[in-house]
Amino acid sequence: MTQEAVVTRVLPHRMAEVAVTRKTACGGNCGSCESCLFQSEMKTMAYNRCEASLGQRVLIETQSSRIYGAALLVYIVPLICFLAGYAAAYLFGLTEGGCVAVSFASLIIGSALIVSLQKKKKPDEEIRFEIVSLLE
């Protein structure tokens, strides 16, 4: 996955802080709808193999599989926990309210497990960005 970014700080050990403009689901023209709830700019660290300097526009790259894996972990796994909790409660003959309570408990437990596993993640498993070319 590649994105355009701007170097905001040059750091030692061939690292740089870059600002990436986040894409929007509505096509990116925020001036027309103004419904975005979050900042459109995100800062991250990137390996500066092109020796980019402060203020330069660059192209950064990361492995798409890591991005998709993170999205799966954050969005799909909790949903699966929620549905599995409901199904298990239904199979045990709980009432509708009991099934809903168990499904929400499963969602919370699954989310807590994901958070605890992410805290134990090794540095080599993190999503890493790399500056692959200069745009200006």
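Our subject in this report is the structure included herewith. (Residues numbered from 1 in each chain as written. Predicted model: local features only at pLDDT ≥ 70, side-chain atom pairs only at ≥ 80, totals over all residues. Heavy atoms only, no water.)

### Quick notes on the overall build of the protein
- Within the protein, the regular secondary structure consists of three helices and five strands.
- From first element to last, N terminus to C terminus, the protein shows the α and β order β-β-α-β-β-α-α-β.
- Here the protein holds 136 residues, and the buried ones make up 20% of them.
- When contacts within the protein are restricted to residue pairs at least 6 apart in sequence, those whose partners lie at least 24 apart make up 72%.
- Summed over its atoms, the accessible surface of the protein is roughly 9600 Å², and 62% of this surface lies on carbon and sulfur atoms. (Helix = DSSP H or I, 4+ residues; strand = E, 2+ residues; numbered from the N terminus. Buried < 20%, exposed > 50% of the residue type's maximum accessible area, 1.4 Å probe, protein only. Contact = heavy atoms within 4.5 Å. Areas by Shrake-Rupley, 256 points an atom, 1.4 Å probe, with all protein chains shown as cover.)

### Looking at the pattern of salt bridges
- Under the counting rule described, the total for this entry stands at four salt bridges.
- In this structure, Arg57 and Glu4 form a salt bridge, with 2.8 Å as the shortest nitrogen-oxygen distance. Linking Arg57 in strand β4 (residues 57-61) with Glu4 in strand β1 (residues 2-11), this pair joins segments that are 53 residues apart in sequence.
- According to the relative accessible area criterion, Arg57 is partly exposed, its value standing at 32%.
- Two residues, Arg49 and Glu130, come together in a salt bridge whose shortest N-O distance is 2.7 Å. Here Glu130 lies in strand β5 (residues 129-134) and Arg49 lies in the loop between β3 (41-47) and β4, a separation of 81 residues in the sequence.
- Under the relative-accessibility criterion, Glu130 is labelled partly exposed at 26%. (Salt bridge = Lys/Arg side-chain N within 4 Å of Asp/Glu carboxyl O.)

### Examining the environment of Glu51
- Here Glu51 shows up in the loop between β3 and β4.
- Taking the relative accessible area as the measure of exposure, Glu51 reaches 60% and is therefore exposed.
- Taking C-alpha positions, Glu51 is 8.5 Å from Ile131, a pair spaced 80 residues apart along the chain.

### A closer look at the packing of aromatic side chains
- Counting across every chain of the model gives one aromatic pair.
- With a centroid separation of 5.1 Å and an interplanar angle of 75 degrees, the aromatic rings of Phe82 and Phe104 are classed as edge-to-face. In this pair, Phe82 sits in helix α2 (residues 64-91) while Phe104 sits in helix α3 (residues 96-119), placing the two residues 22 residues apart along the sequence.
- Of the residues examined, Phe104 reaches a relative accessible area of 43% and is grouped as partly exposed. (Phe/Tyr/Trp six-rings, centres within 6.5 Å; stacked < 30°, edge-to-face > 60°.)

### What to know about the sheet that holds strand β2 (residues 15-21)
- In spatial order, the strands read β1-β2-β3-β5-β4; together these five strands close into a barrel with mixed pairing. Averaged over all adjacent pairs, the angle separating strand axes in this sheet is 55 degrees, with direction ignored.
- Bridge count between β1 and β2: six bridges; the pairing is antiparallel. Each residue of the ladder has a partner; that of Val10, found in β2, is Ala16. (Pairing = 2+ DSSP bridges. Axes fitted to C-alpha atoms, helices over the stretch in contact; angles between N-to-C directions.)

### As for the nonpolar core
- Within the largest apolar cluster, eleven residues are counted, these being Ala5, Val7, Ala16, Val18, Val20, Ala46, Ala52, Val58, Ile60, Phe129 and Ile131.
- Mapped by element, the contributors of at least two residues to this core are β1, β2, β4 and β5.
- Per element, the largest residue contribution to this core is three residues, and it comes from β2.
- If we ignore the near neighbours within four places in the chain, the residues touching Phe129 are Thr44, Met45, Ala46, Tyr47, Ile60, Glu61 and Thr62. (Core = buried A, V, L, I, M, F, W, Y, C linked by side-chain atoms within 4.5 Å.)

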